[in-house]
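Commentary on secondary and tertiary structure
Listed here are the chains, written in short residue letters.
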Amino acid sequence: MQHSDIRLLVLDIDGTIAGKSNNIREPVLAAISDAQNSGVQIAIATGRMYRSALRFYQTVGSSLPLIAYQGAWIQDPATNQVLRQWSVPKAQVLELLDYFEQSHLRELLSIHFYINDDLYIRSMTPETAAYVQRSGIVPIEVGDLRNTLDMELTKVLALSDDTELIDTMLGSLQKQYTPAELYLTKSVATFFEATNPAANKGTAVKYLAEEILGLKPENVMTIGDNFNDLEMIQYAGIGVAMGDAPGGVQQYADWVAPSVEADGAAIAIRKFLL
């Protein structure tokens, strides 16, 4: 494949272009800018809320629709039009809540419901407080999350600092639900995430590339660092995994970049696009 074939570069945020500092460092910004100047369009695809992702979108100077919530919410910031929004089926939301609130799990998990780009929580926990600080979002405390079930829910997130618990839970629930019923993934080791089965970053990038821009997979490069990036890494003509990515993600990548703290995204962009 000619590097000149790439017309669209899709970037994850956390662990890919933003590391511990929660900002995009200058070498990465410079590489993104150089790619744009060479005619490549830039898009953001993140598990974050739309509102939380917007400052990164603006920083990289993207003009394309923004892919948020693992692809369950695609919105064009220029017009504010929501192009795609998939909600988690209500029956599954209730079942997940029942699962999370089992006596042996309830105190170990912080549960987040995302509705209309707002964050609803049972109560503030240390894990939620850390999330709020990083995302800049003020959550809405409702006590019992069942009070929200009359609204369309975009994503369910369960947080725990116990990464083994998250892995066990993901494995258990992947046996309970088929991919046609729920999309289940991890975006970081401490985050279990559930969205509508039609929503993942792969289907979202395909929509952006093929339906909006008229491109093919071979015209697309993607960079990501975790399991929620797997589908878009597999879709793209050039799929890059970060050096910090789990082995199960790296094995599907065309190339593995250095880590986020070593500005791996910049190195990948310069290798393939410049």
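Residues numbered from 1 in each chain as written. Predicted model: local features only at pLDDT ≥ 70, side-chain atom pairs only at ≥ 80, totals over all residues. Heavy atoms only, no water.

All told, the structure shown has 7 aromatic pairs when counted by the stated rule. For the ring pair tyrosine 99 and phenylalanine 100, a centre distance of 6.1 Å and an interplane angle of 80° mean the geometry is edge-to-face. Tyrosine 99 gets classed as buried once you look at its relative accessible area, which sits at 16%. Members of the aromatic cluster, joined through ring pairs, are Tyr69, Trp73, Tyr114, Tyr131 and Phe191. Cation over ring: arginine 84 sits above tyrosine 207, and NZ or CZ is 4.0 Å from the ring centre. The residue whose ring lies beneath lysine 155 is tyrosine 114, and the NZ or CZ to ring-centre distance is 5.0 Å. (Phe/Tyr/Trp six-rings, centres within 6.5 Å; stacked < 30°, edge-to-face > 60°. Buried < 20%, exposed > 50% of the residue type's maximum accessible area, 1.4 Å probe, protein only. Lys NZ or Arg CZ within 6 Å of the ring centre and 35° of its normal.)

A pair can form between side chains of opposite charge whenever their charged atoms are brought close. Considering all chains together, one arrives at 19 salt bridges under this definition. One salt bridge connects glutamate 101 with arginine 122, and the closest N-O pair in it is separated by 3.4 Å. You can see glutamate 101 sitting in the loop between α3 (90–100) and β6 (110–115) and its partner arginine 122 sitting in the loop between β7 (118–121) and α4 (126–135), a full 21 residues away along the chain. Salt bridges linked by common partners bring Asp98, Glu101, Arg106, Glu107, Arg122, Asp144 and Arg146 together as one network. (Salt bridge = Lys/Arg side-chain N within 4 Å of Asp/Glu carboxyl O. Helix = DSSP H or I, 4+ residues; strand = E, 2+ residues; numbered from the N terminus.)

This brings us to unusual backbone geometry. Positive phi outside glycine occurs at asparagine 22, with the angle close to 65°. Position of asparagine 22 among the secondary structure elements: in the loop between β1 (8–11) and α1 (26–37). Positioned with a positive phi, aspartate 263 is a non-glycine residue whose angle comes to about 60°. Assignment of secondary structure puts aspartate 263 in the loop between β14 (255–256) and α9 (264–273).

Attention now goes to the pairing of β7. Relative to β7, β6 runs antiparallel, the two being bridged by 4 bridges. Opposite isoleucine 115, over in β7, you have aspartate 118 as the bridge partner. Hairpin connection of β6 to β7: 2 residues between the antiparallel strands, including asparagine 116 at a positive phi of 50°. In the sheet, β7 pairs with strand β8 (residues 140–141) via 2 bridges, with the strands oriented parallel. Counterpart to tyrosine 120 in the pairing with β8 is isoleucine 140. (Pairing = 2+ DSSP bridges.)

Moving on: the packing of α1 against α9. When two helices pack together, their arrangement is given by the angle between the helix axes and by the axis-to-axis distance. Two elements in contact, α1 and α9, have axes whose closest approach is 8 Å; the angle formed by their N-to-C orientations is 25°. The orientation of α1 with respect to α9, classified from their angle, is roughly parallel. Of the two elements, α1 crosses α9, and the hand of that crossing is left-handed. Residues Pro27, Val28, Ala30, Ala31, Ile32, Asp34 and Ala35 of α1 form the contact with α9, whose own contacting residues are Ala265, Ala266, Ile269, Arg270 and Leu273. Classifying every residue of the contact of α1 with α9 by side-chain character gives 10 nonpolar, no polar and 2 charged. (Axes fitted to C-alpha atoms, helices over the stretch in contact; angles between N-to-C directions. Parallel < 35°, antiparallel > 145°, perpendicular 65-115°, else oblique. Left-handed = near helix turned anticlockwise from the far one by under 90°. Contact = heavy atoms within 4.5 Å. Nonpolar A, V, L, I, M, F, W, Y, C, P; charged D, E, K, R; others polar.)

Now for α9. Across the 10 residues of α9, 7 count as buried, placing the element largely inside the fold. Within α9 the residues assigned to the buried category are Gly264, Ala265, Ala266, Ala268, Ile269, Phe272 and Leu273. Looking at the buried positions of α9, the neighbouring elements they touch are β1, α1, β12 (220–224), β13 (238–241) and β14.

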